[in-house]
Amino acid sequence: MELPTIAAPGVGERADAVADAACHLYDTAVHGGWSRSAAEDAAEAIETTAHALAHIDPGAEVVLAPVHAALADLRRRLGLAPADPLTGDGLPAAPRTVGNPRRTRWVRVDPLTPPSPRRPPSRTTS
């Protein structure tokens with residue numbers, strides 16, 4: 001399949017921003033440390049990007065199945081909440097239907113506390 005030279009409105013700009021953000025994350029993470037929420041955010045970004053890439057071609061979802069399986073394994077190893085459930089073929093059972101999954105993600109502080117909605121960081125004024 002040959003891709004067109006021009007993407008749909010906003011796709012090229014957002015893909016460029018994701019690539020830049022990934023480079024900055026790599027540069028920072030190599031010299032710093034990960035937190036639970038940072039690891040979950042990074043895994044979620046990869047999963048969501050893989051869901052987006054699955055729409056490039058009818059067979060792309062199958063090609064990307066190992067990405068979802070690897071991230072599910074990483075989440076288990078790190079003790080993070082599972083993402084979308086996978087089928088026996090390693091494909092996501094259901095594609096994301098939320099416009100912005102980060103707005104609705106639930107975060108657990110520890111296994112004994114009930115989930116609470118994710119809140120944006122507080123901003124201080126100077």
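No experiment lies behind these values; they were computed from the predicted model shown.

Let's talk about the overall build of the protein chain
Of regular secondary structure, the protein chain possesses four helices and two strands. Tracing the protein chain from N to C terminus, the helices and strands come up as α-α-α-α-β-β. Expressed as a percentage of its 126 residues, the buried residues of the protein chain come to 18%. Approximately 9,800 Å² of the protein chain is accessible, and the part contributed by carbon and sulfur atoms is 62%.

Notes on helix H2 (residues 36-53)
Given a rise of 1.5 Å per residue, 18 residues ought to cover 26 Å, and the 26 Å separating the end C-alpha atoms of H2 matches this to within 8%. Among the residues of H2, Ala39, Glu40, Asp41, Ala42, Ala43, Glu44, Glu47, Ala50 and His51 are the ones counted as buried.

What about the confidence of the model for the protein chain?
In the predicted model, the protein chain carries a mean pLDDT of 77, and 66% of its residues have values of at least 70. Predicted confidence for residues 103-116 stays below pLDDT 50, and this span has 15 contacts to residues more than four positions away or in other chains.

Quick word on the packing of H2 against helix H3 (residues 60-78)
One way to put it is that H2 packs onto H3 with a least axis distance of 9 Å and a crossing angle of 170°. Between H2 and H3, the angle is such that the two are roughly antiparallel. The residues of H3 that touch H2, namely those facing Arg36, Ala39, Glu40, Ala43, Glu44, Ile46, Glu47, Ala50, His51 and Leu53, are Ala60, Leu64, Val67, His68, Leu71, Arg75 and Leu78. Per-class residue counts for the contact of H2 with H3 are ten nonpolar, two polar and five charged.

Cut-offs and rules
Residues numbered from 1 in each chain as written. Predicted model: local features only at pLDDT ≥ 70, side-chain atom pairs only at ≥ 80, totals over all residues. Heavy atoms only, no water. Helix = DSSP H or I, 4+ residues; strand = E, 2+ residues; numbered from the N terminus. Buried < 20%, exposed > 50% of the residue type's maximum accessible area, 1.4 Å probe, protein only. Areas by Shrake-Rupley, 256 points an atom, 1.4 Å probe, with all protein chains shown as cover. Expected span 1.5 Å × (residues − 1). pLDDT = per-residue confidence, 0-100. Contact = heavy atoms within 4.5 Å. Axes fitted to C-alpha atoms, helices over the stretch in contact; angles between N-to-C directions. Parallel < 35°, antiparallel > 145°, perpendicular 65-115°, else oblique. Nonpolar A, V, L, I, M, F, W, Y, C, P; charged D, E, K, R; others polar.

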